[in-house]
Amino acid sequence: MNKEDKPMLKNGHIEMPIDPSLDLRSEIAKMKKEKNAIILAHYYTNDEVQEIADYTGDSLGLSQKAAANDADIIVFAGVHFMAETAKILSPNKKVLIPDSETGCSLADSVNEKVFAEFLKQYPGYTVISYVNTTAEIKAMSDIVCTSSNAVKIVNSLPKDEKIIFGPDKNLGAYVKKVTGHENMVIWNGGCHVHGNFSVEHIKKLKQQNPEAEVLAHPECPAEILDLASYIGATSALLKHSIESKTQKFIIATEPGILYEMKKQCPNKEFYPVLSKSNDNTINQCFDMKKNTLENIYLTLKYELPEVFVEPTLANKALSSINRMLEMSK
Ligand code: 13P
Ligand code: SF4
């Protein structure tokens, strides 16, 4: 490709017309083969993205896959911190992100400078940070966790160990309750999607479908978790929906997971929950939905946008991520 053929990025992604006669699915498959590329997609992305992904998973599964694969190029369809984590785990691979402006309200709820000042108040504390953080926050942490392994990681530490847990206050409160770990200082951050499910809508769905189980992600606030019969990370909710004898489920997490739930359980019914701030809309993560077939096609074709993490920072962040991966085995 000539240098002048390289497209410009606008608003974090390549904006350019695509020939409407192209079959994007087969073009993507062809380029994946030619370039030895894989597509990793989070369960919250659009159905069409999950359909073409080589691996779909939650944050833990995606980190594990990013750490162990034979591809030369990883296209990460998720949000920015996830692609950054993949780059830290696979520094010699080219990591591409279809839209580099895929933010995360939870990752944005902790700022490096303020966090550094906060940590100074708690010398001797073990810092556990959720994977939904920037590389800078991970580099300031002792152990990274995801919602899949947070309970296991806290339980593996001595009961009297002093812990700082951040940035998700709901996950922190849930982990504290389940583990009974008293010495936990919890950062006051949160996800604006998981914090925005309508309690009234869950109650209404439950009234209409009394036999339905409510499945909730621990990033949800206590008033939602109190209504749930099962609480777990995205992959745990999926597994529960497959294994449960119940036929109907009310899902209090990002509704992208309904794609895999319906695929695995075609005879069961799944109900997404409306947003509490906008009654008639399904509560969803718009950043995850920025991943489309079109921008994955353009990303693979032009190998842009690429994710870079400064090596010294990446090395510091890697040790806390690796501690999590070791503890999750
Ligand atoms: P998990 O993928 O760990 O379930 O986390 C949910 C989430 O919000 C990811 O952004
Ligand atoms: Fe971040 Fe919440 Fe979206 Fe997950 S669902 S990526 S935590 S904003």
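Residues numbered from 1 in each chain as written. Chains lettered and ligands numbered in written order. Predicted model: local features only at pLDDT ≥ 70, side-chain atom pairs only at ≥ 80, totals over all residues. Heavy atoms only, no water.

1. Section: the overall build of the chain
Scanning the chain from N- to C-terminus turns up 14 helices and 14 strands. Looking at the chain residue by residue over its 329 residues, the buried ones come to 56%. Long-range pairs, those at least 24 residues apart, make up 63% of the contacts in the chain between residues at least 6 apart in sequence. Within the chain, one finds 37 positive and 43 negative side-chain charges whose respective centroids are separated by 3 Å. (Helix = DSSP H or I, 4+ residues; strand = E, 2+ residues; numbered from the N terminus. Buried < 20%, exposed > 50% of the residue type's maximum accessible area, 1.4 Å probe, protein only. Contact = heavy atoms within 4.5 Å. Lys, Arg positive; Asp, Glu negative; His and termini not counted. Charge placed at Lys NZ, Arg CZ, Asp CG, Glu CD.)

2. Some details on the site of ligand 1
Surveying the vicinity of ligand 1 reveals 13 residues, the closest of which are H42, S59, S147, H217 and T234. A distance of 2.7 Å is found between an oxygen atom of ligand 1 and a side-chain nitrogen or oxygen belonging to S147. Here an oxygen atom of ligand 1 and a side-chain polar atom of T234 are 2.5 Å apart. In the complex, 96% of the free accessible area of ligand 1, which totals 300 Å², lies under the protein chains. (Near = heavy atom within 4 Å. Polar contact = N/O pair within 3.5 Å; in protein donor to acceptor, adjacent residues only side chain to side chain. Areas by Shrake-Rupley, 256 points an atom, 1.4 Å probe, with all protein chains shown as cover.)

3. Topic: the packing of helix α4 (residues 80-89) against helix α14 (residues 311-327)
One can describe the packing of α4 onto α14 by two numbers: an axis separation of 9 Å at closest approach and a directional angle of 95°. Classified by the angle between their axes, α4 and α14 sit roughly perpendicular to one another. Across the interface between the two elements, T85, I88 and L89 of α4 pack against A314, A317, L318, I321, N322 and L325 of α14. A breakdown of the residues in the contact of α4 with α14 according to their chemical character gives 7 nonpolar, 2 polar and no charged. (Axes fitted to C-alpha atoms, helices over the stretch in contact; angles between N-to-C directions. Parallel < 35°, antiparallel > 145°, perpendicular 65-115°, else oblique. Nonpolar A, V, L, I, M, F, W, Y, C, P; charged D, E, K, R; others polar.)

4. Concerning the pairing of strand β11 (residues 213-216)
Neither face of β11 is open: one carries E213 and L215, the other V214 and A216, and all of them are buried. Pairing geometry for β11 and strand β12 (residues 230-231), over 2 bridges, is parallel. Its bridge partner being in β12, L215 is matched across the sheet by Y230. (Pairing = 2+ DSSP bridges.)

5. Looking at the side chain of T146
By secondary structure assignment, the location of T146 is in the loop between β8 (143-145) and α7 (150-155). Side-chain polar atoms of T146 contact the backbone nitrogen of S148, separated by 3.0 Å. Setting aside its immediate chain neighbours within four residues, T146 contacts S59, L60, Y130, V131 and M324.

6. Structural notes on helix α9 (residues 199-208)
In an α-helix, one full turn covers 3.6 residues, which means residues spaced three or four apart are oriented alike. What α9 keeps buried is the set V199, H201, I202 and L205. Down the axis of α9, the buried set is contained in an arc of 165°. They therefore lie on one face. Facing away from the buried side of α9, by more than 90 degrees, are the exposed residues E200, Q207 and Q208. The inward-facing, buried residues of α9 abut β11, α10 (222-225), β13 (248-252) and β14 (269-272). Between the side-chain oxygen of the N-cap and the backbone nitrogen of E200 there are 3.4 Å, and the N-cap of α9 in question is S198. (Arc of directions from axis to C-beta.)

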